[in-house]
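Observations on chain architecture
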Amino acid sequence: MTRRSLRALLLALPLLTACDRLRGPAGAGTVIVSTAADPDPFLPPTRTSVTGRMVSELLFDPLVEIGADLNPFGEAGFVPRLAASWRWSPDSLAVTFTLDPKARWHDGTSVTARDVVTGLALIRDPANGSPVAGEVVDIDSIVAVDARTARVHFHERSAEQLYSASLVYPMPSHLLDSLPAGGLATSAFAQRPVGSGPYRLVEREPKVRLVLGAVEDHYRGRPGPDRIALTISPDPATGIAKVWAEEADVWELLPPPDVTAATAYPQVRLVPYNGWDYTFVAFNFRAPNDTAAAHPLLADPAVRVALTQALDRTGLIRALFDSLAHPLLGPFVRAQFTADTTIAPIPFDTLAPARTLDSLGWTGRTRDGIRLRDGRPLRLRALVPAPSANRVRAAVLVQEQWRRAGVDLVIDKREAQAFGAARDGGDFDVVFGGWGTTPSVRGLRSTWGSGARAGWGRQNSGRYASAIFDSLVADGLASADPVVTRDRIRAAYRVIVADAAAVWLYEPMPVAAVHRRFLLPTWRPEAWWRTLPSWRLDPEAPALARDARPTAP
Amino acid sequence: MTRPQRHRVDATTLLTVGGIVALTLAGPALAPYAPTEALDPQRLAWQPPSAQFLLGTDGFSRDVLSRFLVGARHTLGVALLAAGVALVLGTAVGLGAALAGRWRESFLMRCTDALLAMPRLLVLLLVVTGTGALRLDALALVLGATGWMTTARLVRQETRRLLATDALRGAIVLGVPPARLVTHHLLPALAPTLAVAATGAFASAVPLESGLSYLGLGVPTPLPSWGNIIAEAEGDLLRRWWVVVFPTAAIVGTVLLANRVAERLTHGDAP
Amino acid sequence: MRRALLARLGHGAIVIALVVSACFTLIRLAPGDPFFRDLDAARLTTAQREAQRAAFGYDRPIPEQFVRYVGQVASGELGWSHSRSQPVADALAATLPATLLLITVATLLAFGIGVPLGAWMGWHAEHPLARAVDRVAVIVLAVPDYLLALLAVMGPALAWGLFPIGGMRTEFGPRGLGGLLDVVHHLALPALALALPVAATAARLQCAAMRATRDHAFVRTARAKGGDDRLARRHALRAALVPVLSFAGVHLAVAVSGVVVIERIFAWPGMGRLLFEGVLARDYPLVAGGVLVASIGTVLGTLLADLALRWADPRQQALR
């Protein structure tokens, strides 16, 4: 069988329906989202998974939201949500938000400035273990000026101040202020949240299903679909089969073989979009058993470059994803505002690695062709997460390619828990890591920044440390001019790529499967569910039984 | 002393077992390709059986026949070692229970019951999800350590029966020391029971390894095993039938053969 | 009789206590962190982690945690499941009915098919059809259970569209009688996948026992007495139930392992799925609670099988 390019196949599909057909009668059926992961926890301060984020952002509105161009710098890219307007203080260290007077909690209470204060307090309570806490460290405090006015004070001026504020979701103080510290997870509220978003929670069976219903009198207007249901299948094959069998309407991320399979199901529309996750092989700069010492092999930049050269990433990506992934250029994805597609990667080369390794004394060979120096084989231990099928497959291909260069890669495949512990403990030579990015670039401080700066480098598992990289990122984030910020960050990318801190592997191009009876607005790559309220039923497509208006709420 | 009637395994079964052992040992020599080598992931992935690849290729463009041949030693080796561990543990507990006093016997057998009452797969998951894919010997050890209970029960029952026979009573009256009693009298008499228990443990370990591989917790990659060849299909059994059919047939065949041996050992003929 | 029953109950209680301690020890010793996040999620700060551990009491020494846990269980309190944000008792109560339904239907199906089939095979052991059925049963037993389940999803459900893919109900589907039929429709494949291997074992055991008793003295006597073949067969069947009944007791423990796989593949909202996810999330109280319930079920099942054994074979009483 000749393999047609999957991307060509996707291009041949009818383009997304234009937006002007979206105006229809309210009541746009039921959207069933099939997923493998439970959304729990799904409150804005505590959500961890993508599914959790989806549910939390349908249940709750933020103060402001990043707009369609995903520019996190300055304020031009932001649109109002619970805050109808905002004003900067003269010294730029505070922003005053005026709340929308029509905004209500699902129980009918008005949204007030105190709710904004509560939102931040829940993020800051260490017992809640909020993953957002590390993202809003630049916020000093939030003050309720009056019932409708909240002022956010910042520690420092930065390009992403408004972005930080967009991460604070007001939470209903009249229900939550009486909770003891750390009591959010075990509270009744966590089971039956009262939100401010376009959907309210109707029903929930943990780990099985969750049903959201449209809020009829929402301050931004009634959302389209009457109901949004999540159906959870632990085995992804089952979850995807549900979309094939019309038991569900959406699967967010199809594996490449299923993209091909989808053509057999005429009711399925494929939606390719830009991804936000990237995968890399990070080198450990420190010895696996003693993080105080430099790594005996990989601390040498020549070795890292040689290992990078020995990998044919293009072939690897084609084998894994067909055409549904881009080669990764650095620690960023193409959808990001700062992406720089002009960076030249370290090229694939079969001769250069041999020369380098020969010159470093790895001249001996075992019977299997593995290089030896002083009788010791050139062996690296790779930490690979078992739950990620793509990374496990990538590891097998990398192992095979490095074996041809005389490097023995031992694959240490571990379950999520054990993988995370070993990764964070630095117990590996190379790690098949992956990070999800956001429009913001502040994540660079924790993923690739060094621990030399306070609060940086918490997720930097390979302990890459470059003062130049650090200062470029810091300068960029501190600048008030979005153009300067972008240039500094791009310069930082070039530094880390030249240092060969990791082999930048791939950036998958996700493809979603959606039932054809829906007319879709433009797909938002960073959070597709944000446009769910404007989904409509195609009047020409036959509706399904579940699209009938629900009788009683 | 009357010898119990010896049950024989027929020639066909013996020949088949011998054939499998030979194939397993010779597997790496017979394999047409290196079992872990991705030949050409872009063009040769998921090739159905052909003259070039008799059993097709998997998603990494590795030759399934080569993986199948080399995988036999991992699958069968793990199962064999697991059966050995189960046999040793089960015999020790079973004998200990039968020979010890009432209270210790009761305690040992309640422990056995308790372990039987715990879902075996969950116990395996508890261990394996914490540590990550186990090395082959560790995998066999864990499989054996969770599969000895049936053996223990069988051994205890049979030992108690034997202790009531005249030969053993005689030995006890004559003052044969307990250690000698076990090594010279009980173990030889237990041999048929042990053989049956061992084949049973072996027959249950082979599919279990493939079940663990399906969950991604079996024989660690890139080492081939029958279970993880099937797991490569990632649930798509119909379109990638060739990675499923042949190893499954091998697993089923092995289990059938083990059952047959066990049946011959107990009855002398298969029902 | 009553003394023997009391002794069995006592044994059962000891077994349950041992299971709970073994489970508690095992899960605390197995590496892993209950507050681990998604694969690539941001790492918690040490302060956050310590605060969470303290909130759930995981910072105490293990013996202290054990004593506290036993105390809790004794007072009917199973603790808090942090991975599901609900009390363990609620999580179990929510998932137990689905699993009980699955196991009960599968068990009835398995023994309902297996026992008569095996009895027939045993009585007509020389019939070629009986031999053929035996071969099929042996093969069903040897196929790994997850393959059977996956085949059922891929074939009858997806390719032929005869059955739903997974779950227990159609989302926003019919209610009332239609809803009941909907559940039956969803139940068919997982129950069958769970029942097949059990049916095969039951049939083979029943067949062997029936063969053995067929030629036994008391059956021959019964035959001689009236020459009524049906009466003789009933006598033979009752005695031949013995091995099947003892297997039925053991079957329950195996069934729990089986539902872990089946419920995962068919997205069945039961306890097997709950336990599997609990293990992955290192949700200590949830797993301990689940295993406690499962072992109580097993012990009760064994007890029932024991009672049935006494009924089927009065000689058993004398042996104890």
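Higher on the page you've got the structure.
Let me sum up the structure you'll find in this document. (Residues numbered from 1 in each chain as written. Chains lettered and ligands numbered in written order. Predicted model: local features only at pLDDT ≥ 70, side-chain atom pairs only at ≥ 80, totals over all residues. Heavy atoms only, no water.)

**Re the overall build of chain B**
From N to C terminus, chain B includes ten helices and zero strands. Secondary structure of chain B in N-to-C order comes out as α-α-α-α-α-α-α-α-α-α. Out of the 271 residues in chain B, the part that is buried amounts to 52%. When contacts within chain B are restricted to residue pairs at least 6 apart in sequence, long-range pairs at least 24 apart make up 69% of them. On chain B, roughly 12,000 Å² of surface is accessible, and the fraction owed to carbon and sulfur atoms is 66%. Counting 22 positive and 16 negative side-chain charges, chain B places the centres of these two groups 11 Å from one another. (Helix = DSSP H or I, 4+ residues; strand = E, 2+ residues; numbered from the N terminus. Buried < 20%, exposed > 50% of the residue type's maximum accessible area, 1.4 Å probe, protein only. Contact = heavy atoms within 4.5 Å. Areas by Shrake-Rupley, 256 points an atom, 1.4 Å probe, with all protein chains shown as cover. Lys, Arg positive; Asp, Glu negative; His and termini not counted. Charge placed at Lys NZ, Arg CZ, Asp CG, Glu CD.)

**Considering the packing of aromatic side chains**
Counted under the stated rule, the structure contains 23 aromatic pairs over all chains. An angle of 70 degrees between the planes, with centres 5.8 Å apart, marks the rings of Phe 73 of chain A and Phe 337 of chain A as edge-to-face. Highlighted residues: Phe 73 of chain A in the loop between strand E2 (64-66) and strand E3 (78-80) and Phe 337 of chain A in the loop between strand E16 (325-327) and helix H11 (351-359), separated in sequence by 264 residues. Aromatic rings pair up to connect Tyr 273, Phe 518, Trp 523, Trp 528, Trp 529 and Trp 535 of chain A into one cluster. Over the ring of Phe 172 of chain C we find Arg 227 of chain A; its NZ or CZ atom is 3.7 Å from the centre of that ring. (Phe/Tyr/Trp six-rings, centres within 6.5 Å; stacked < 30°, edge-to-face > 60°. Lys NZ or Arg CZ within 6 Å of the ring centre and 35° of its normal.)

**With respect to the nonpolar core**
Counting 291 residues, the largest nonpolar core has Trp 402, Phe 432, Trp 448 and Trp 535 of chain A as its most contacted members. Filtering out sequence-adjacent residues up to four positions away, Trp 402 of chain A remains in contact with Val 281, Phe 283, Leu 307, Ala 310, Leu 311, Leu 380, Val 407, Leu 409 and Val 503 of chain A. Listed in part, the eleven residues of the second largest apolar core include Leu 163, Ala 171, Leu 186 and Leu 194 of chain B. (Core = buried A, V, L, I, M, F, W, Y, C linked by side-chain atoms within 4.5 Å.)

**Considering unusual backbone geometry**
In this structure, Leu 70 of chain A takes a positive phi of about 55 degrees despite not being glycine. Here Leu 70 of chain A lies in the loop between E2 and E3. Taking the relative accessible area as the measure of exposure, Leu 70 of chain A reaches 5% and is therefore buried. One non-glycine residue, Ala 267 of chain C, adopts positive backbone phi at about 50 degrees. Mapped onto the elements of the fold, Ala 267 of chain C is located in the loop between helix H9 (229-265) and helix H10 (271-280). For Ala 267 of chain C, a relative accessible area of 3% puts it in the buried group.

**Remarks on the sheet that holds strand E18 (residues 371-373) of chain A**
All names here are of chain A. Taken in spatial order, the three strands make up an open sheet running E17-E18-E19, and their pairing is antiparallel. The outermost strands of the open sheet, each flanked by one partner alone, are strand E17 (364-365) and strand E19 (376-377). Summarising the sheet, E17 and E18 pair through two bridges and their orientation is antiparallel. Within E18, the residue paired with Gly 364 across the bridge is Leu 372. (Pairing = 2+ DSSP bridges.)

**Observations regarding the pairing of strand E5 (residues 94-99) of chain A**
Residues and elements named next belong to chain A. Of all six residues in E5, five are buried; the element is thus mostly enclosed. Across five bridges, strand E4 (residues 83-88) lies against E5 in antiparallel orientation. Bridge pairing in E5 places Ser 85 opposite Thr 98. Linking two consecutive strands that pair antiparallel, namely E4 and E5, is a turn of five residues; a positive phi of about 60 degrees is found at Ser 92 within it. Two strands pair when backbone bridges link them, and E5 and strand E7 (residues 149-154) are joined in this way by five bridges, in the antiparallel orientation. When the sheet's bridge partners are listed, Thr 96 is paired in E7 with Arg 151.

**Quick word on the interface of chain C and chain A**
Opposite the 36 residues of chain C that make contact, chain A presents 51 residues. Carbon and sulfur atoms make up 54% of the area that chain C and chain A hide from each other, which totals about 4,000 Å². For the interface between chain C and chain A, the tally reads one salt bridge. As a salt-bridge pair, Glu 171 of chain C and Arg 209 of chain A come within 2.9 Å of each other at their nearest N and O atoms. Inspection of the region where chain C meets chain A yields five residue pairs in polar contact (both at pLDDT 80 or more). Here the residues of the side of chain C that touches chain A are counted per class, giving 16 nonpolar, nine polar and eleven charged. (Buried area = accessible area lost by both parts, 1.4 Å probe. Salt bridge = Lys/Arg side-chain N within 4 Å of Asp/Glu carboxyl O. Polar contact = N/O pair within 3.5 Å; in protein donor to acceptor, adjacent residues only side chain to side chain. Nonpolar A, V, L, I, M, F, W, Y, C, P; charged D, E, K, R; others polar.)

**Some points on the sheet that holds strand E23 (residues 502-508) of chain A**
Remark on secondary structure: sheet strands pair via backbone hydrogen bonds, oriented parallel or antiparallel. Residue and element names in this part refer to chain A. Reading across the sheet, the six strands line up as E16-E23-E13-E22-E20-E21 and stay open at both edges, with mixed pairing between neighbours. Two strands close off the open sheet at either side, each with one partner strand: E16 and strand E21 (408-414). Within the sheet, the average angular offset between the axes of one strand and its neighbour, ignoring direction, is 25 degrees. Note: strand E13 (residues 277-283) against E23, four bridges, orientation antiparallel. Looking across to E23, one finds that Val 281 is bridged to Val 503. Of the strands in this sheet, E16 and E23 touch helix H10 (residues 313-321), which is tilted by about 35 degrees from E23. (Axes fitted to C-alpha atoms, helices over the stretch in contact; angles between N-to-C directions.)

**Notes on the side chain of Asp 134 of chain C**
Note on placement: Asp 134 of chain C falls in helix H5 (residues 128-142). In terms of polar contacts, Asp 134 of chain C uses its side chain to reach the side chain of Arg 204 of chain C, at 3.0 Å.

**Brief notes about the environment of Tyr 169 of chain A**
Residue and element names in this part refer to chain A. Structurally, the position occupied by Tyr 169 is in the loop between helix H4 (161-166) and helix H5 (173-176). Residue classification places Tyr 169 among the buried positions, given a relative accessible area of 8%. Tyr 169 sits 46 residues away from Val 215 along the chain, and the two C-alpha atoms are 18 Å apart. Setting aside residues up to four positions removed in sequence, Tyr 169 forms contacts with Pro 44, Glu 57, Phe 60, Asp 61, Pro 62, Gly 119 and Arg 530.

**As for helix H6 (residues 149-163) of chain B**
For H6 of chain B, with 15 residues, the first-to-last C-alpha span of 21 Å sits near the 21 Å given by 1.5 Å per residue. Looking at the buried positions of H6 of chain B, the neighbouring elements they touch are helix H2 (64-99), helix H3 (102-117), helix H7 (166-173) and helix H8 (178-214) of chain B. (Expected span 1.5 Å × (residues − 1).)

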